[in-house]
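Residue-level structure breakdown
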Amino acid sequence: MRNYDLEFLKKFSMVIGFLILITFGLIIGSYLVHRAQPQEVPDGVARRTEARIAPVGAVYAGSTGAAAQAAASAAAAAAATANVAYGGTMDGSVIFNNLCTGCHTSGAGGAPTMAAADWASRIPQGNDVLYQHAIEGYVGPAGVMPPKGGNPALTDEQVVATVDWMLANLQ
C-alpha cells in the first residue's frame, strides 16, 4: 500500500468514528428530551380518575348543594355495595367455600383446619378477637391470616358471618 492510501484510511476512520460519536450523542440527547416531556394520559384512564374522585372533589353549596351532596353520597353507597364480594351474601358457607377453604382445609400458613382441636387455643380468646384477626389480619407464632382472607372487597359483616359459620361447623 502506498503512503497516501494509509493517510486516507486514517482520516476516513477518524471521520467515521466522529460520526459514530455524534450519532450516539444525538440518540442520548433525544432520549433525555423525550423523558422530559410529560406523558399523555389515555382518555379512559382520565375518565376513570375523574369518576373516582367526583364525589370527593365536588363542591356543594346552599340547599341545592345539599341535595346534590345527598345524591352523590347515595350514588357512592350504591357503587360501594355493587363492588361487595360474592354479591354481598351473608352466607358464611358461600364465602368459606369460595375463599377460606384454600387455607382452612389444608392448614396452609398455620391456618386452623375445621377440626375443633385446631381451634382449642383460639376460641377462649373470644369472638371479638377472632373477628379482629379475620378482619385486620394476623401474624403470629400460630400462623398468618391476611386481612379479610386476602379479599378486601369483603365487608366486615361478611367476615363476621363467615367466622360465625366456621365456628358453628367445627368437627
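Anyway, here's the lowdown on the structure attached to this text. Quick caveat: nothing in here was measured; it's all calculated off a predicted structure. (Residues numbered from 1 in each chain as written. Predicted model: local features only at pLDDT ≥ 70, side-chain atom pairs only at ≥ 80, totals over all residues. Heavy atoms only, no water.)

Focus on the nonpolar core
Core analysis: the largest hydrophobic core is formed by 14 residues, its most contacted members being Phe96, Met114, Trp119, Leu154, Val159, Val163 and Met166. Among the elements of the structure, α4 (92–104), α5 (127–136) and α6 (156–168) are those that each provide at least two residues to this core. Here Val159 is in contact with Ala134, Ile135, Lys148 and Leu154, once residues within four sequence places are set aside. (Core = buried A, V, L, I, M, F, W, Y, C linked by side-chain atoms within 4.5 Å. Buried < 20%, exposed > 50% of the residue type's maximum accessible area, 1.4 Å probe, protein only. Helix = DSSP H or I, 4+ residues; strand = E, 2+ residues; numbered from the N terminus. Contact = heavy atoms within 4.5 Å.)

Overview of the state of the cysteines
All told, the structure shown has 0 disulfides when counted by the stated rule. In this model Cys100 remains outside any disulfide bridge; the closest cysteine sulfur is found in Cys103, 8.6 Å from its own. (Disulfide = S-S within 2.5 Å.)

Quick notes on the side chain of Arg122
Structurally, the position occupied by Arg122 is in the loop between α4 and α5. For the buried Arg122, no salt bridge is present, and the opposite-charge side chain at shortest range is Asp118, 6.6 Å distant. A polar contact is formed between the side chain of Arg122 and the backbone oxygen of Asp118, at a distance of 3.0 Å. (Lys, Arg positive; Asp, Glu negative; His and termini not counted. Salt bridge = Lys/Arg side-chain N within 4 Å of Asp/Glu carboxyl O. Polar contact = N/O pair within 3.5 Å; in protein donor to acceptor, adjacent residues only side chain to side chain.)

Considering unusual backbone geometry
Of all residues except glycine, most have a negative phi; of all peptide bonds, most are trans. Phi at Lys148 takes a positive value of approximately 55 degrees, unusual for a residue other than glycine. Along the chain, Lys148 falls in the loop between β2 (143–145) and α6. Under the relative-accessibility criterion, Lys148 is labelled buried at 18%.

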